[in-house]
Each structure stands twice: as C-alpha cells, then as structure tokens.
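As a plain string of letters, each chain reads:
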Amino acid sequence: MPKSTTAAFDRNLDALPEALRWREWMRRIEAVLFASASPVPRADLARVVGQGVAVDLLIDDLAAELEGRPYELARVADGWMLRTRPAYAAVIREAADVAAQEIDLRAFDLAVLAAIAYHQPVTRDGLREIFGKEVSRDLIGRLHDRGLIGTGPRSPQRGAPYTYVTTNKFLVSFDLETLRDLPDMEQLQDAGLTGGAGGA
C-alpha cells in the first residue's frame, strides 16, 4: 500500500528561518492558484500554510510580487485565482489555444444570462415575464452546459419549479469579483441586452 503524501506534508515549516518560511508559503499559494481552474477559497489556501497564518497578508504580498507580470491575482466570489491581465488578451488570442475558454453565446442567450444575473433566483416563468416570450429549455441548457448558470432553490410557487442562478464561472468569464460589480441596468438597456429581440 503506497504511503500517504499527506502525512509527510509540513504546514508549519518550523525548520526554516521566518523570512524563508513566509516566502515558501507565498509560493505554495501561487502554486495552488496556478494549478486550479476555479477560484480557491481562503479556507483551502489556509490548509497549505502554517496554522493561524494570515492568508490575506500572504495574498497581499503575492499580489505585490506579481506587479509588472502578465498575470495577476484576482478576487472572485469567495476565493482567489490567477488570470492574465486584460492588456494581453489580444496576444493570447493570437498565439494560444483558448478556443475552449471562449463563451461564444448568441445575443439572446447573453440577454437571458443578464436577466438571470440581475433577477436570480429566477424561474423560466419569471424569464418569460421579463422577455414577453418563452425562454426555451435548450437555451437554459446551453447556459448550464457552459457552467454559467446553475439551479437555485425551488420556487415557492405552485409545482415548486426550479430557479436559476449564476455561478462562479459566470463571475470569472465576465471579469467580476461579485454580483455587485454588474453594470447598471440602464447600461444594459442602452446596449440592447435586456430582452425583446432575438430567438430562443
């Protein structure tokens, strides 16, 4: 039976001098964030550093160290992640294989996604009221398959229909830290993203 690697894991690094210990904890956090496809919560990061160590201070020091690099440390929902800086978006699209990461949604899909973001948790009936027409299960399925929405609590309405909510991937995809960073509804109306046109 193979040995557990967890038993050999040294969180506290007591054998290292204090300055080296801090730097190693920063490297551990950077490695975890680099390897993770989704934002990593503080509680998970705390598992790789010394007990009682201030993860927020390590995060601040790591963010400062990454100044001037093509990627940055970003807070998303209840966690952190590494992401490339917007200034390098065109360069990455030109040379890197990022096709699987592109959202590629139709205009009406984006409008429905925006409605879910602003009105969540919302049912399909609620979306029909917003747009004045039925929102198809296929459209909901496309958003769900891309990980942009998930199911929320059952509605207290008759039949207890499912509600829909946005996900952390939605925040990541639209460069938002929290839903409070959503643009004003007037901005969406000016951009034509609040309903009416298009097919489901």
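Each remark here, short or long, concerns the structure printed above.
First, a word on scope: everything that follows refers to the structure included in this document. Predicted, not measured: the structure shown is a model, and the values here were computed from it. Note on numbering: residues in each chain are counted from 1, in written sequence order. Local features are withheld for residues below a pLDDT of 70 in this predicted model, meaning they are given only at 70 or higher, and side-chain atom pairs are given and counted only at 80 or more; totals for whole chains, interfaces and linings count all residues. Derived side-chain values reflect all non-hydrogen atoms in the structure, with water molecules and hydrogen atoms excluded from consideration.

### Some remarks on the pairing of strand β2 (residues 71-76)
A strand pair is defined by DSSP finding two or more bridges across the two strands. Secondary structure elements are taken from DSSP: a helix is a run of H or I of four residues or more, a strand is a run of E of two residues or more, and numbering for both begins at the N terminus. Pairing of β2 with strand β3 (residues 79-84) involves 6 bridges; the strand directions are antiparallel. Each residue of the ladder has a partner; that of Glu-72, found in β3, is Arg-83. Where β2 folds back onto β3 in an antiparallel hairpin, the turn is made up of 2 residues, including Ala-77, whose phi is positive at roughly 55°.

### Things to note about the pattern of salt bridges
Throughout this description, the term salt bridge denotes a Lys or Arg side-chain nitrogen within 4 Å of a carboxyl oxygen of Asp or Glu. Enumeration according to the criterion identifies 12 salt bridges in this entry. Taking the shortest distance from any N to any O, the salt bridge between Arg-28 and Glu-24 comes out at 3.6 Å. Of this pair, Arg-28 and Glu-24 both sit in helix α1 (residues 18-35), 4 residues apart, which is roughly one turn of the helix. Overall, the relative accessible area of 25% leaves Glu-24 in the partly exposed class. Close ionic contact of Arg-83 with Glu-72 constitutes a salt bridge, the shortest N to O distance being 3.7 Å. Here the residue Arg-83 occupies a position in strand β3, and Glu-72 occupies one in strand β2, the gap between them amounting to 11 residues. Among the residues examined, Arg-83 registers a relative accessible area of 24% and is labelled partly exposed. Burial classes: relative accessible area under 20% of the type maximum marks a residue as buried, over 50% as exposed, and values in between as partly exposed (1.4 Å probe, protein chains only).

### Overview of unusual backbone geometry
Pro-121 follows Gln-120 through a cis peptide bond whose omega is -10°. The topology assignment puts Pro-121 in the loop between α5 (107-119) and α6 (124-131). Backbone geometry at Ala-77 places phi at a positive 55°, although glycine is not the residue there. Position of Ala-77 among the secondary structure elements: in the loop between β2 and β3. Ala-77 sits in the partly exposed class, given a relative accessible area of 22%. In this structure, Ala-160 is a non-glycine residue whose phi angle is positive, near 45°. Locating Ala-160 in the fold gives a position in the loop between β4 (149-151) and β5 (164-166). By relative accessible area, Ala-160 is classed as partly exposed at 27%.

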